[in-house]
Amino acid sequence: MTHEETVRAWFDAWLTRESAVIPEIFAQDVRYVECYGPEYIGRGEVEQWFADWNARGRVLEWRIRRAIGQGEWLAVHWFFRCIYDGTEGAFDGMTLMRFDGAGRIAELREFGSKAEHERPYGG
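These remarks concern the structure in this document. Numbers given for residues are sequential positions, taken from 1 along each chain in its written order. Selection of residues for local features in this predicted model requires a pLDDT of at least 70, selection of side-chain atom pairs for listing and counting requires 80 or more, and totals for whole chains, interfaces and linings are taken over all residues. Excluded from the side-chain calculations are hydrogens and water; all other atoms, namely the structure's heavy atoms, are used.

## Examining the pattern of salt bridges
- Salt bridge, as used here, is a side-chain nitrogen of Lys or Arg placed within 4 Å of a carboxyl oxygen of Asp or Glu. Counted by the stated rule, this structure contains nine salt bridges.
- Residues Asp85 and Arg56 are paired through a salt bridge, measuring 2.3 Å at the closest nitrogen-oxygen approach. In this pair, Asp85 sits in the loop between strand 4 (73-84) and strand 5 (87-99) while Arg56 sits in helix 3 (residues 43-56), placing the two residues 29 residues apart along the sequence.
- Here's how the labels work: a residue is buried when its accessible area is under 20% of the maximum for its type, exposed when over 50%, partly exposed in between, all with a 1.4 Å probe on protein chains only. For Arg56, a relative accessible area of 46% corresponds to the partly exposed category.
- One salt bridge in this structure joins Asp92 and Arg65, with 3.2 Å as the shortest N-O distance. One end of the pair, Asp92, is in strand 5; the other, Arg65, is in strand 3 (residues 57-70), with 27 residues separating them in the sequence.
- Take Arg65: its relative accessible area is 41%, and that puts it in the partly exposed class. Under the scheme used here, helices are H or I runs from DSSP no shorter than 4 residues and strands are E runs no shorter than 2 residues, and both carry numbers assigned from the N terminus.

## Quick notes on the packing of helix 1 (residues 3-16) against helix 3
- In this analysis an axis means a line fitted to C-alpha atoms, helices contributing only their contacting stretch, and an angle means the value between N-to-C directions, from 0 to 180 degrees. At a minimum axis separation of 10 Å, helix 1 and helix 3 run at an interaxial angle of 35°. On the side of helix 1, the interface is formed by Trp10, Ala13 and Trp14, while helix 3 contributes Val46, Trp49, Phe50, Trp53 and Asn54.
- Residue classes follow a fixed rule: Ala, Val, Leu, Ile, Met, Phe, Trp, Tyr, Cys and Pro count as nonpolar, while Asp, Glu, Lys and Arg count as charged, and any other residue, Gly among them, counts as polar. Classifying every residue of the contact of helix 1 with helix 3 gives seven nonpolar, one polar and no charged. The criterion used for residue contact is that any of the two residues' heavy atoms lie within 4.5 Å.

## Quick notes on the sheet that holds strand 3
- Strand pairing is assigned whenever DSSP detects at least two bridges linking the two strands. The strand order 2-1-6-5-4-3 describes an open sheet built from six strands, whose pairing is mixed. Both outer strands of the open sheet, strand 2 (39-41) and strand 3, are each paired with one neighbouring strand and no more. This sheet shows a mean twist of 20° between the axes of neighbouring strands, independent of strand direction.
- In this structure, strand 4 lies alongside strand 5, joined through twelve bridges in antiparallel fashion. Looking at the pairing, Ala75 lines up with Leu96 of strand 5.
- Sitting on the sheet, helix 1 is in contact with strand 1 (26-33), strand 3, strand 4, strand 5 and strand 6 (105-114), with an inclination near 175° to strand 3.

## Describing the side chain of Arg43
- Tracing the sequence through the fold places Arg43 in helix 3.
- Buried and without a salt bridge, Arg43 has Glu47 as its closest oppositely charged side chain, separated by 5.5 Å. Neither His nor the chain ends is counted toward charge; the positive residues are Lys and Arg and the negative residues Asp and Glu.

## Quick word on the side chain of Thr95
- For Thr95, the position within the fold is in strand 5.
- We define a polar contact as two N or O atoms separated by no more than 3.5 Å, with the added condition that, inside protein, one atom must be a possible hydrogen donor and the other a possible acceptor, whereas residues neighbouring each other in sequence contribute only through side-chain atom pairs. Looking at Thr95, its side chain comes within polar contact range of the side chain of Trp78, at 2.7 Å.
- Excluding residues within four positions of it along the chain, Thr95 makes contact with Leu74, Ala75, Val76, Trp78, Leu108, Arg109 and Glu110.

Next comes the structure, spelled out in structure tokens:
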């Protein structure tokens, strides 16, 4: 898989709630930092978070807008929409990832932004 295909498989896993692909996507010692603060160290913590989150929520859409890569690094701009604890929400985000020699994600950092934008000086 290319790096972008690996990310698409991860986003698709959220849409289908299928965790079996996690070992194919993440290095054993992955470091995963979400945009609002939580950090998961190791594939086991990622698997636990995935299960816990999906027990309370459902991803409705996670779409890649653009992906830019160089070597072992990939940056992805995306749109995310979900229902969590009965509340629907959506936001834009960016993820910066480093892949290991086996093509698995070894490091991942997310950054978020409001999905609604305004132009204070434009029409």
